Amino acid sequence: DWENGRQLLEMKDLAIMLGDERLLGKASRLGGQGMISGVANFQAPSLVRTLSTGNADPALNALVDTIVSYPVIPAVKIALAHYLGDEAWTRVRAPLLNLDTKEANDIVSGLNALQTKEAS
């Protein structure tokens, strides 16, 4: 909730860390100190760049949009498995369910788009 986060950022005596990577650029421009992030497990450089410049990364935001359109923990585990090249990371424990192949491919496509952008 950006409005709530913005109000918290106005309290200069608190170190505020938001939990939505898509808000990191705006938050850093208002004094945000960082974030609680699942995406940091496989895209820390993109987040550091966003935090230090205050500029949103459209490819990173698109990847986060894709991840949050599915159950987040299995989605983050798919991205981490792809990044590490280790399929074991895709496994989840009950009551969570693994994502299907199409869902996993959507997440990997978003990650590939971000990596392609960074390489160019």
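Below, the structure is looked at part by part. (Residues numbered from 1 in each chain as written. Predicted model: local features only at pLDDT ≥ 70, side-chain atom pairs only at ≥ 80, totals over all residues. Heavy atoms only, no water.)

**A word on the pattern of salt bridges**
All told, the structure shown has 5 salt bridges when counted by the stated rule. For D20, the salt bridge identified is with R22, shortest N-O distance 2.8 Å. The closest approach of N and O atoms between K102 and D106, which form a salt bridge, is 2.7 Å. Highlighted residues: K102 and D106, both in helix α6 (residues 101–119), separated by 4 residues, approximately one helical turn. Taking relative accessible area as the criterion, K102 reaches 54% and is therefore assigned exposed. (Salt bridge = Lys/Arg side-chain N within 4 Å of Asp/Glu carboxyl O. Helix = DSSP H or I, 4+ residues; strand = E, 2+ residues; numbered from the N terminus. Buried < 20%, exposed > 50% of the residue type's maximum accessible area, 1.4 Å probe, protein only.)

**Examining the nonpolar core**
If you look at the biggest cluster of nonpolar residues, it comprises 22 residues, and the most contacted ones within it are V39, F42, I67 and I107. Those elements giving two or more residues to this core turn out to be α3 (40–53), α4 (58–68), α5 (72–84) and α6. Residue contacts for I107: discarding those within four places in its chain leaves L63, T66, I67, Y70, A75, I78, A79 and L99. One finds L9, L18, L23 and A27 within the second-largest nonpolar core, a separate group that totals 5 residues. (Core = buried A, V, L, I, M, F, W, Y, C linked by side-chain atoms within 4.5 Å. Contact = heavy atoms within 4.5 Å.)

**A closer look at the side chain of T50**
If you trace the backbone, T50 turns up in helix α3. For T50, a relative accessible area of 3% puts it in the buried group. Once residues within four sequence positions are removed from consideration, T50 is found in contact with L24, G25, S28, N55, A56, D57 and L60.

**So, α5**
The α-helix winds at 3.6 residues per turn, so residues separated by three or four positions along the chain end up facing the same way. For α5, spanning 13 residues, the distance from its first C-alpha to its last is 18 Å, which sits close to the expected 18 Å at 1.5 Å a residue. Where α5 is concerned, the buried positions are P74, A75, V76, I78, A79, L80 and A81. Looking one or two residues past α5, G85 carries a phi angle of roughly 65 degrees, positive in sign. (Expected span 1.5 Å × (residues − 1).)

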